[in-house]
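# Fold and contact review
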Amino acid sequence: MNSPVKSALVVGAGIGGLTAAAALRRAGIDVVLCERGPELRAAGFGLSVQSNAMNALRTLDLGIDEELLRAGAQARSFTFRRPDGSDMRRVDVSGIDAELGAPAVALARKDLHDVLLAACGDDLRVELGAEAVAFTETADAVQVEFADGRTLSADVLIGADGINSAIRAQLHGAEAPRPGKFVCWLALVPFAHPAIEPGASIHYWGRGMRFGIHDIGHGNVYWWATLTTTAEQAADWPHGKDDLLTRFASWAPEITAIITATPESDILALPAQDRPPLTEWGSGRVALLGDAAHPMLPSLGQGANSAIEDAVVLAHTLATHDDAVTALRVYEQRRIPRTTMLVDGSRKLGRLEQTRNRALIVVRDGFIAKGNEAKLQASLAEPMTWPGLGDLEPVAALPRPLSTLERWHWTVDQVAPLHIVSRVRVTGDLDAEAVRAGMAALTRRHPMLHTEVRSDDGRNPRFAPVAIKPIPLREVTSEDWTTEIDTELRTRFDADAPLLRATLITAAPGIHDLVLTSTYTIADAVTVLSFARQVLELAAEPGGWIAEVPAPPAPEALFPRPFQGWRGKRKAIARLAADGARDLRVKPVRVRAGTEVAPARRFTKLTRRVVDGTEYQALLAACAERDVPLSSLVAATLARAAGNDAAAPQAHFPVGVSVLFREQLERPLDAIHTGAYQAMIALPTPAGQPLWQTATAFATDLASRIEQRQHLANLGGIGFMLPKTPAQPDKVVSLLDARGPGNLCLTFVDTRDFPTRIGNWEVSGPEVVSGMSISGLMMLTVGHGTDALSLNLGYIDGLLSPERADTLIDTLVDALLSVVSTPEVAAVH
Ligand SMILES: Cc1cc2nc3c(=O)[nH]c(=O)nc-3n(C[C@H](O)[C@H](O)[C@H](O)COP(=O)(O)OP(=O)(O)OC[C@H]3O[C@@H](n4cnc5c(N)ncnc54)[C@H](O)[C@@H]3O)c2cc1C
């Protein structure tokens, strides 16, 4: 029978086991941590917790990443040196950290252990002196036997018992680790030297020998050395400190000084060893983690870091699956490819690092000293990139470049705000604290809400993860929420602020409007309404585990194949040509701008009307009777209103309809996923013909174009219109003003399934308002609710005057009501 995991035995209290205990407890799972040692103690050297592990830890929201920065030293530079101490290359890592969204921290292992243990909570059950020797599995539990005769059982067993894991041995047979053919010395010592700057990580590369020094803060330094030797000698290094001093005597003076300053008993000699990657880790209710699953050579510095990643992914996977065995296999499928890459990569790099081949050393050192900086930084950053919680389905690891569509939205938004806003009315006691709690949980759920867009002066924009920041919340008392929407449509997001913000409007005691504003770079109408729903749901049930919803890849990556890449572009060109020929026949007329407005001042303003009561029901009934979608009828009335505005009642107007295409992706996405999946199809629509006739023809034409997926083909052409940078939009703006599909646009949002009650709150009036920026003149966002039709006309202030916008929407409503006019009509607000 399927049942969620409630209890776990974690065997091994190293870095992997401790992180697993903290993460699993965070996920609400009971944990017993079993360690064979008589106490929880870390070996006395240091290590670096890299950006990938820091990003993974952040998803737990336990503050571990901040504690680590307090305990150690943030890594600020990475320097490659020759044995004599001269620099081959110094890399300031701030750029890499910024791209990866988190710094690396060097610290003592003991401090890392302490921070992780504290994150587990005081009431963690720990079994010491508990050396696991075997396990047995039943249908609904797994039991572990310990060397002293104890037994313990739980829903699942996590073998985090290191490179010589007993759990792994029972699963896969006991085999000796694979030798790396070099020996490592490790130590930690209070030490300072002018050659070691604060936050330094320094690697000295010699012939078959290397030395490393890391500032771990608080006056301490962690150092290591390596020497290529035979597997036998590495396994049992026979010499002591004097031998080490002799070997490094001709190296930089700080090296001799640091070895001299370290007591011999504090220097640990260990063989470098790993194991060939496994294609399956566990079975049934048993899983492996960290070195037990994938021990690796130290070259990439990822052994502990990948154990931390494992633990975080394990907890998320168990928390989000109903069945223990399935969850453990999903965890393994998520982790095996990445850890295999790290095991293989460490071995490959280790060979290069430890080589004694003089010719190869010349090439190697030449690349380090003179190689392309961007390539070097990319090779350093690759293993330190947190791949996210992963999924069986494709998900996007951050950082990643913006796709063409995302770049379009971002670039336009940089010129003038291109925002998308949702509003819901909440009746009941809703205070700012509850909204903040809901938003904090929402931020943890969505990686895109702790992401910034970085660029090189407007070029190469990319999503980079950043530390979680609170979503800004404005509190306002007002009976008129639409004024706040105007503010939200024109106020830019700060460059380093989350890409979502909130306004809590109190209209009267117990009556509130929750307004959420995002940008099209990460959200469409569906996303922003879903955010509103999620904030309230999460606020209604604060605390508890928040499983991350991994960021999906860019929309284009999920397009059906015929619409990707060059094939997509070819379709776009064919589409443009066909539409051009059609326009020559129909000669559509555009709504003309009143005054010139500079691109950067193209702010969207809102005017709105609501149709409700018997009129709305009559409209719905009339549409049902004629089998015409309400959206097509609205499109017909929009053309009618445009004809009136342009004093061209018999002309055709290009009505651009937003097609929300989540369901047409290779892997359909539901509303919980972030992103903008919205494309446009513009249809020349007659203003003067009978409305039902126009609406029927519009519906048929639109349906066949959607079926052919013309909206996706149209997106294939968006790259042609993209300004190179937000600083040079003028040419594009002229083109868009003259020919763009955004002259007269319509987005139809079905809000009928929005809940009417969340927690103790009554919820009503879900609405969306779309901004326009430079992409056009006006966008009518229509909310198709259960009791009302809301018509939110966002127009560019100045291109259209408020009076023209009001007349336009009034004409539209009159036309709409004309098809159902009855004496007992309800008021139009
Ligand atoms: C020279 C060297 C340098 C390194 N440098 C780095 C670095 O800079 N960055 C990095 O990320 N990684 C580094 N590593 C790797 C890193 O130390 C390991 O990958 C990491 O400690 C693995 O954590 P773990 O929890 O899986 O295993 P371990 O840390 O080995 O912990 C296993 C735990 O299980 C316990 N145990 C073992 N058997 C049993 C049993 N039968 N029953 C109960 N308990 C048991 C052990 O006592 C131990 O506490 C380095 C490793 C070496 C050798």
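Attention here is on the structure that accompanies the text. (Residues numbered from 1 in each chain as written. Predicted model: local features only at pLDDT ≥ 70, side-chain atom pairs only at ≥ 80, totals over all residues. Heavy atoms only, no water.)

### Let's talk about the site of the ligand
The full set close to the ligand counts 31 residues, and G16, E35, R109, D291 and A304 are the nearest of them. In this structure, an oxygen atom belonging to the ligand sits 2.8 Å away from a main-chain N or O atom of G16. Residue A132 places a main-chain N or O atom 2.9 Å away from a nitrogen atom belonging to the ligand. Burial of the ligand by the protein amounts to 85% of the accessible area it has alone, namely 1,000 Å². Secondary structure elements with two or more residues in the shell around the ligand: α1 (15-26), β3 (46-49), β13 (178-190) and α10 (303-319). Tallied by class, residues from the shell around the ligand come to 14 nonpolar, 11 polar and six charged. (Near = heavy atom within 4 Å. Polar contact = N/O pair within 3.5 Å; in protein donor to acceptor, adjacent residues only side chain to side chain. Areas by Shrake-Rupley, 256 points an atom, 1.4 Å probe, with all protein chains shown as cover. Helix = DSSP H or I, 4+ residues; strand = E, 2+ residues; numbered from the N terminus. Nonpolar A, V, L, I, M, F, W, Y, C, P; charged D, E, K, R; others polar.)

### Some points on empty space enclosed by the protein
Taken as a whole, this structure holds three cavities of 30 Å³ or more when the rule is applied. The calculated volume of the largest cavity comes to roughly 200 Å³. If you go around the largest cavity, you meet 18 residues; those closest to its centre are W386, L398, P447, H450 and E548. Broken down by class, the residue content of the lining of the largest cavity amounts to 11 nonpolar, five polar and two charged. Each of two domains, domain 1 (7-384) and domain 2 (400-540), supplies a minimum of three residues to the lining of the largest cavity. Size it by volume and the second largest cavity reaches roughly 70 Å³. Considering the residues around the second largest cavity, the lining is formed by 14 residues, among which R400, E406, M448, T674 and G675 are closest to the centre. (1 Å grid on protein atoms, 1.4 Å probe; cavity = no way out; pocket = protein on both sides within 12 Å on 5 of 7 lines; lining within 4 Å. Points joined across faces, edges and corners; volume = space filled by probe spheres on them. Domains from an automatic or database assignment.)

### Some thoughts on the nonpolar core
Counting residues in each nonpolar core, the largest one holds 75 residues, and the members touching the most others are L24, V49, L68, L157, I158 and L318. Here the element with the most residues in this core is α10; it accounts for eight residues. Residues in contact with V49, not counting those within four places in the same chain, are M54, L68, P103, A104, V105, L107, L112, N305 and I308. By size, the runner-up hydrophobic cluster in this structure holds 68 residues, among which are L398, L402, A432 and A713. (Core = buried A, V, L, I, M, F, W, Y, C linked by side-chain atoms within 4.5 Å. Buried < 20%, exposed > 50% of the residue type's maximum accessible area, 1.4 Å probe, protein only. Contact = heavy atoms within 4.5 Å.)

### Quick look at the sheet that holds strand β24 (residues 500-508)
In a beta sheet, neighbouring strands are held together by backbone hydrogen bonds and run either parallel or antiparallel to one another. Read across the sheet, six strands follow the order β23-β24-β25-β20-β31-β30 without closing on themselves; strand pairing throughout is mixed. In this open sheet, the two strands that pair with only one neighbour each are β23 (473-477) and β30 (757-758). As paired elements, β24 and strand β25 (residues 511-519) share eight bridges and run antiparallel to each other. Looking at the pairing, A502 lines up with L516 of β25. (Pairing = 2+ DSSP bridges.)

### Comments concerning the environment of L157
As for its position among the elements, L157 is in strand β12 (residues 156-159). Classification of L157 by relative accessible area gives buried; the value is 0%. A sequence separation of 69 residues divides L157 from M88, and the C-alpha atoms of the two residues are 47 Å apart.

### A word on the environment of P686
Here P686 is to be found in strand β28 (residues 678-686). A residue is classified by how much of its surface remains accessible, and P686, at 11% relative accessible area, is buried. Once the C-alpha coordinates of P686 and F698 are considered, the two residues, 12 residues apart in sequence, prove to be 9.6 Å apart.

### Section: the side chain of S7
Note that S7 resides in strand β1 (residues 7-11). Engagement of the side chain of S7 in a polar contact is seen with the backbone nitrogen of D155, the distance being 3.0 Å.

### A short note on unusual backbone geometry
Its identity as a non-glycine residue notwithstanding, H218 has a phi of 55°, on the positive side. Locating H218 in the fold gives a position in the loop between β15 (209-217) and β16 (220-228). Phi at R709 is positive, roughly 60°, even though this residue is not glycine. Tracing the sequence through the fold places R709 in the loop between α21 (691-707) and α22 (710-715).

### Observations regarding the packing of aromatic side chains
By the definition in use, this model includes 11 aromatic pairs. Seen in terms of ring centroids, F661 and Y677 are 6.2 Å apart; in terms of plane orientation they differ by 90°. Their pairing is edge-to-face. With a gap of 16 residues between them, F661 in the loop between β27 (652-660) and β28 and Y677 in the loop between β27 and β28 connect regions that are remote in the sequence. Take F661: its relative accessible area is 0%, and that puts it in the buried class. On the basis of relative accessibility, which here comes to 1%, the residue Y677 falls in the buried class. Linked through ring pairs, Y204, F211, W223, F248 and W251 together constitute an aromatic cluster. (Phe/Tyr/Trp six-rings, centres within 6.5 Å; stacked < 30°, edge-to-face > 60°.)

### Notes on the side chain of N792
Its location among the elements puts N792 in strand β33 (residues 788-796). Its relative accessible area of 0% is what places N792 among the buried residues. A polar contact of 3.1 Å, which involves the side chain of N792, links it to the backbone oxygen of V768. Not counting residues up to four positions away in its chain, the partners in contact with N792 are L606, T607, R608, E767, V768, V769, M779, L780 and T781.

### A short note on the sheet that holds strand β17 (residues 268-274)
With mixed pairing, seven strands are arranged side by side in an open sheet as β6-β5-β14-β15-β16-β13-β17. Whereas interior strands pair on both sides, the edge strands pair on one side only; in this sheet they are β6 (87-92) and β17. Ignoring strand direction, the axes of neighbouring strands in this sheet form an average angle of 20°. Of the pairings in the sheet, the one linking strand β5 (residues 77-81) to β6 comprises five bridges and is antiparallel in character. Note that in β6 the partner of S77 across the bridge is D92. In this fold helix α11 (residues 324-353) packs onto β13, β14 (200-205), β15 and β17, with an angle of close to 80° to the strand it touches most, β13. Sheet strands in contact with helix α13 (residues 373-381) are β5 and β6, and its direction is about 70° off that of β6. (Axes fitted to C-alpha atoms, helices over the stretch in contact; angles between N-to-C directions.)

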